[in-house]
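Architecture and fold: a report
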Amino acid sequence: MKSTSSAVSSIHRSLSEICTAAGEDRWENPRRFSGYANRFQLVLNQLLRPSPPENLPPSVQTSLKGTAVDLAKAAETMSVYRNKGKIFVLINCQSLCASLRERTVAIGGWLALLDSSLHDAPDLRKKVIDLSRDMKQAQFRVTENEERVYCTLQKEGQGRQTSKAVQSAIIMDLARALGIESSNHSELSKQVKHLKSDLAQSNSISERRILISLEKIVDNWSLHPDISSQQLYHDFEDDAQISPFKNFLCPLTKEVMKSPVVLESSSQTYERSAIEYWFNRCVEDGRDPTCPVTGQVLTSLNMKPNIGLAGAIEEWINRNVEIQIKSAVQSLSEDSPLADCVEQVLDNIYKISEEHPSIRYKVRNAGVVVLIVKVLKDSSKSVGSQLRSKALMALLSMARDEESKKIMLAEGITRLAIHSLIGSSEKEKEYGVKLLLEFSSDKAYCANVASEKGALVLLSGMAGDLEHPALSNLAEEVLKQMETVEDNLQLLAAAGRFEPLLSRLREGPDDVKIEMASLLGRMTLTNSSKEQIARQSGTILVELLSKREGRAPSLEALYNLSSLDDNATILVDSAVLPALVDALFENQDSAQQVKALAASIIANIVSKPGQWELASVDKDGNSMQSEAIVSGFLGLLSFSAPQCQVSILKILHGMASSPQATESVAARIKSGDGLKTIITFLEHPEVEHRIYAFKLTRVLSERFGEDLACELKPSNKLPLFREKLLDNQSTDGERSDAACILANLPLSEDDLKTVLGANFVKWTVTTLKDKCCGSNDRISRPISSMVEGLLGLLLPFTRSSDLQIVNVIKDYRLMSIFREQLMFSSNPRVKQLAALGLKYLSESGRALAASGDSEPQPPHGFCSSLVFMCGRSSPRRSTCPIHDSLCEDGNQFCLLKSNCIKPLADLLSDEDTSVQIAAVEALSTLLLDSTSSNCFKRGVDELEQLGVVHAVILLFTDSRPGELQEKAIWMVARLLRAESLVPNISLDQSLVRALVEALKHGSAVTKRHAQEALTNLKQISGVSGKASSQTLTRR
């Protein structure tokens, strides 16, 4: 079996083959697969970035090896789509489609194996799950038209006989499937020749029959005379028409001849193409050529032009054309001409122009071109889409006359043609875009078209319309002509067509590259466009940073691209960080604007963790989180322009918020005296400075709360946070950050009274209730952050022994507040804080019970009057098994009476370890040594009824060595002191095995508790610490 590295190399090769030419795919199925391949490439890059392939988990390696095989086979199928002719693909469309579908589903299955290995990378895991699901549900299909052509070609492969009508149908269906007009004989022939080349090595009889049949049908189609091409004159009045002489008509086609020839052997005159077709048919049938009129066998196939007849026909045509032009002018000049009459006139003018190009000047000089444009300008209901289509068709034909083209431009044909692109019929759109294509050979006209409002958007939309391939191809040709004009590049890019601009950015000289970068910096881009541009031009833009004149335009473009989070990886891989850091730190010539732009780009990149942490950012190999770089940012804070300061604060906040970098960055900010610098921005007059100063201070307070407090107290800035919190004019973000900062500071009793005060609890509880009740079950990020901060602010009060604060806790029912947050919040930090609040209140409850102060105090403040007025009866009191004293229902210092035990037990199965630890600590306060043995037994019985015992045992057996295991095993050991639990729990072999493992491999504390628990279970001797024979037997 191939190694994982080989599999990864194979995947990269396959992805390179698939994605390189993705934009040139002519078929929907390979385009769809290329989209999946592009998404898979992003996932693969992110998956392989942290470690080499051989160090990946086994499931990931298996997935990559399986994916490599199926992706290689898919690349082979894609090669057929791209390298074989269109007809060959149509013949094999079913098998090709089935192959892509099979490979896509298989790759989706391999991707599903990655799910279990990506729990530490939730963003990547979500992308993998989404891609796996999409690929398993991928819909590759053969279009109805392709299906019809496929079935028809398969029947042709059976060697069946087909009539002329069937042949016509085959041509039309085939042309639609190929994206060409059925009248485009040269392209049809070209495709058949391509098929012949594709089948050169084929041994299939069926495919050979298809090829032969198609060659014949296309040849016949191209040579067969158009039986309707000469019916120009039958709708005029008899007195206005000169009927043709009989000898003007070809005996075979019954139409006026264009190139009459005389057969030397029979002296009969025919239309040249018709008689040649007849001769060829005779040869194909294996018989001697004959004269169709006389039936005689011809000894010679020589023929010569009938010059006299040709002259007579030309004279007859000129006279009839003049009559028709005169009639056309008369009809089109009427105030309200009949639609049917106008339609017939337009048909006649078109046919005159097509069949007699040399006479176009007569049409033009008679003013017919201006009159036809007038028809297009008519917005009345009488001029419908069909009539506009006919007018466009006639003008398209006349546009081959240069003077007529100038007249059309002067009459405003550009806007009329563009307006036709939104017509109600396909024909109107077709002739409108054909007319634009006819004019687009002139560069000045191209600029004129591009400047028309909505023109490029309409053309781009039409070019991407796969349901109408003929229109799509025409629009694509027009756009390619537009791309040749430099002034059109920005307009084309604004319409979503970036390749011309990017091509010049990649391949042009420096001055052109700088101009293109400047355009990118000024444009408003969609997210998909930003990603496309970053992939194709990120490296070029970084290279431009080294050129003085290209620095500002390149930075503006990079700033535009960096606003998309997903571009962080692309830009980091393009080595943008070293260039940006150089512009900020080392380049003394950099203007303030350049520094501000560089800082803004870095801020955008570091705002999303996981992309930049390990990247080298200078010639010394320092990373963004290195001491030199962090110190550099802190130094710039004091001397930079205001806009640059904001960006640096964003950078420091982004780095300090990254799970991978937060510890090192925060430590280096502290060691670099950054706390003092950052604090000065908390009162900055500019809002944005304050916002990011508060955000950064909040992150730092989580690690260095004590150091931060030491910096804040001498300057008396602690009240600033309280004022900010109470200031309704401040942003929600500032207030929530202020709350969290205060919550993270180690405040003493004096600080509580001085900075917060007892009345602050009332405000905090009220605000907490308002935030939660007003959120409609969906708490936004600022509100969730505010709740987190408010809960943190309540924690210092829960640990206070001050009698006034104890009464405040009772009055505002803090334990109930914490319980509600425990039950209804989805924020892990909120649940952790709520559990800690319950822990501290429970500990305070034990202290109060021990001191004899557990008797409830009369209600204070406003509540007392309500109690008096309502005559509330005294709450029911009973002896609490936890405190071994009288406790009222709803006691705010008793977890049992406040119904907090069950919610805490539910938290033991939470996904967040910090939440589990906090829940265990809170529940552990129920098992302290301060109660009597009888009370302890009653307490354990209560815990068993509430499911705590089972939950704790399950948590311990599932936990790994560490803090959580130590705290869980402490509870297990305490619970097993109750002899009533031992008989049932001793039968739990999973618990016994977990305790034995803890005894063998745990820390000293864990071993001590494990030994106690096993001793209580009578599994080991209390003296020796060795496993008993009973344990060995059960094992």
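What you see is a predicted model; the values in this text were computed from it and never measured.

Moving on: the overall build of the chain. A tally of helices and strands in the chain yields 54 helices and five strands. Counting over 1035 residues, the chain shows a buried share of 51%. Contacts spanning at least 24 positions in sequence make up 68% of the contacts within the chain whose residues lie at least 6 apart. Summed over all atoms, the accessible surface of the chain reaches about 49,000 Å², with 49% contributed by carbon and sulfur.

Pairing is antiparallel in the open sheet, where three strands are placed in the order E2-E1-E3. In the strand order of this sheet, the two ends are held by strand E2 (269–271) and strand E3 (303–305), each with one partner. Across the sheet, the mean angle from the axis of one strand to that of its neighbour is 40 degrees, orientation sign disregarded. The pairing of strand E1 (residues 260–263) with E3 spans three bridges and is classified as antiparallel. By the bridge assignment for E3, Val 261 is matched with Pro 305.

Next up on the list: the packing of helix H32 (residues 642–657) against helix H35 (residues 687–701). Contact pair H32 / H35: the axes reach a minimum separation of 9 Å and the direction vectors enclose 25 degrees. Compared by their axis directions, H32 and H35 come out roughly parallel. Like other packed secondary-structure pairs, H32 and H35 cross with a definite hand, here left-handed. Packed against H32, whose contacting residues are Pro 642, Gln 645, Val 646, Leu 649, Lys 650, Leu 652, His 653, Ala 656 and Ser 657, the element H35 presents Glu 688, His 689, Tyr 692, Ala 693, Lys 695, Leu 696 and Val 699 at the interface. A class-by-class count of the residues in the contact of H32 with H35 yields nine nonpolar, four polar and three charged.

With that settled, the discussion passes to the side chain of Glu 428. With respect to the element layout, Glu 428 can be found in helix H19 (residues 426–439). A distance of 2.7 Å separates a polar atom in the side chain of Glu 428 from a polar atom in the side chain of Ser 385.

A few words on the packing of helix H43 (residues 814–824) against helix H44 (residues 828–851). Direction vectors running N to C along H43 and H44 enclose 150 degrees, while the axes themselves pass 8 Å from each other. Considering the angle they form, H43 stands roughly antiparallel to H44. The two elements H43 and H44 meet at a crossing, and its hand is left-handed. Contacts between H43 and H44 pair Leu 814, Met 815, Phe 818, Arg 819, Gln 821 and Leu 822 from the former with Val 830, Lys 831, Leu 833, Ala 834, Ala 835, Gly 837, Leu 838, Leu 841 and Ser 842 from the latter. Looking at the contact of H43 with H44 residue by residue, the class counts come to 10 nonpolar, three polar and two charged.

Turning next to the pattern of salt bridges. Applying the stated criterion to the full structure yields 41 salt bridges. A salt bridge links Arg 690 to Glu 734; its shortest N-O distance comes to 3.2 Å. One end of the pair, Arg 690, is in helix H35; the other, Glu 734, is in helix H38 (residues 732–744), and 44 residues separate them in sequence. No difference in accessibility class separates Arg 690 from Glu 734, as the two residues are buried. One salt bridge in this structure joins Lys 967 and Glu 921, with 3.2 Å as the shortest N-O distance. A residue pair is termed long-range when its members are at least 10 positions apart, and Lys 967 in helix H50 (residues 963–975) and Glu 921 in helix H47 (residues 913–924) qualify at 46 residues. A relative accessible area of 24% means that Lys 967 is categorised as partly exposed. By relative accessible area, which is 16% here, Glu 921 ends up buried. Because the salt bridges share partners, they merge into one network encompassing Arg 39, Lys 126, Asp 130, Arg 133 and Asp 134.

What follows covers the confidence of the model for the chain. With 86% of its residues at a pLDDT of at least 70, the chain reaches an overall mean of 81. Taken as a whole, residues 224–239 scores under 50 in pLDDT and shows 27 contacts with residues more than four places along the chain or in a different chain. Counting interchain partners and residues more than four positions distant, the pLDDT-below-50 stretch residues 1021–1035 has 25 contacts.

This part is about the environment of Ser 79. Locating Ser 79 in the fold gives a position in helix H3 (residues 58–83). Separated by 61 residues in the primary sequence, Ser 79 and Ile 18 have C-alpha atoms spaced 8.2 Å apart.

Next up on the list: the pairing of E1. Of the two faces of E1, the one lined by Pro 260 and Val 262 and the one lined by Val 261 and Leu 263 are each fully buried. As defined by bridge partners, E1 adjoins E2 across three bridges and the pair is classed as antiparallel. Pairing of Val 261 across the sheet is with Tyr 270, part of E2. Where E1 folds back onto E2 in an antiparallel hairpin, the turn is made up of five residues, including Ser 267, whose phi is positive at roughly 65 degrees.

Given a rise of 1.5 Å per residue, 13 residues ought to cover 18 Å, and the 19 Å separating the end C-alpha atoms of helix H53 (residues 1004–1016) matches this to within 8%. Of the surrounding elements, those touching the buried residues of H53 are H50 and helix H52 (989–1001). Of the residues trailing H53, Lys 1018 is marked for its positive phi of about 60 degrees.

A covalent bond between the sulfur atoms of two cysteines is referred to as a disulfide. Enumeration according to the criterion identifies zero disulfides in this entry. Cys 900 takes part in no disulfide bond, and the closest cysteine sulfur, belonging to Cys 894, lies 8.7 Å away.

Within this structure, the stated rule accounts for six aromatic pairs. Ring centres 5.3 Å apart and planes at 80 degrees place the aromatic pair Phe 245 and Phe 248 in the edge-to-face group. Given a relative accessible area of 55%, Phe 245 falls into the exposed group. Clustering of aromatic rings is evident, with ring pairs tying together Phe 245, Phe 248 and Trp 316. The residue whose ring lies beneath Lys 405 is Phe 439, and the NZ or CZ to ring-centre distance is 5.5 Å. A cation sits over an aromatic face here: Arg 799 above Tyr 840, 4.6 Å from the ring centre.

The rules behind each value
- Residues numbered from 1 in each chain as written.
- Predicted model: local features only at pLDDT ≥ 70, side-chain atom pairs only at ≥ 80, totals over all residues.
- Heavy atoms only, no water.
- Helix = DSSP H or I, 4+ residues; strand = E, 2+ residues; numbered from the N terminus.
- Buried < 20%, exposed > 50% of the residue type's maximum accessible area, 1.4 Å probe, protein only.
- Contact = heavy atoms within 4.5 Å.
- Areas by Shrake-Rupley, 256 points an atom, 1.4 Å probe, with all protein chains shown as cover.
- Pairing = 2+ DSSP bridges.
- Axes fitted to C-alpha atoms, helices over the stretch in contact; angles between N-to-C directions.
- Parallel < 35°, antiparallel > 145°, perpendicular 65-115°, else oblique.
- Left-handed = near helix turned anticlockwise from the far one by under 90°.
- Nonpolar A, V, L, I, M, F, W, Y, C, P; charged D, E, K, R; others polar.
- Polar contact = N/O pair within 3.5 Å; in protein donor to acceptor, adjacent residues only side chain to side chain.
- Salt bridge = Lys/Arg side-chain N within 4 Å of Asp/Glu carboxyl O.
- pLDDT = per-residue confidence, 0-100.
- Expected span 1.5 Å × (residues − 1).
- Disulfide = S-S within 2.5 Å.
- Phe/Tyr/Trp six-rings, centres within 6.5 Å; stacked < 30°, edge-to-face > 60°.
- Lys NZ or Arg CZ within 6 Å of the ring centre and 35° of its normal.

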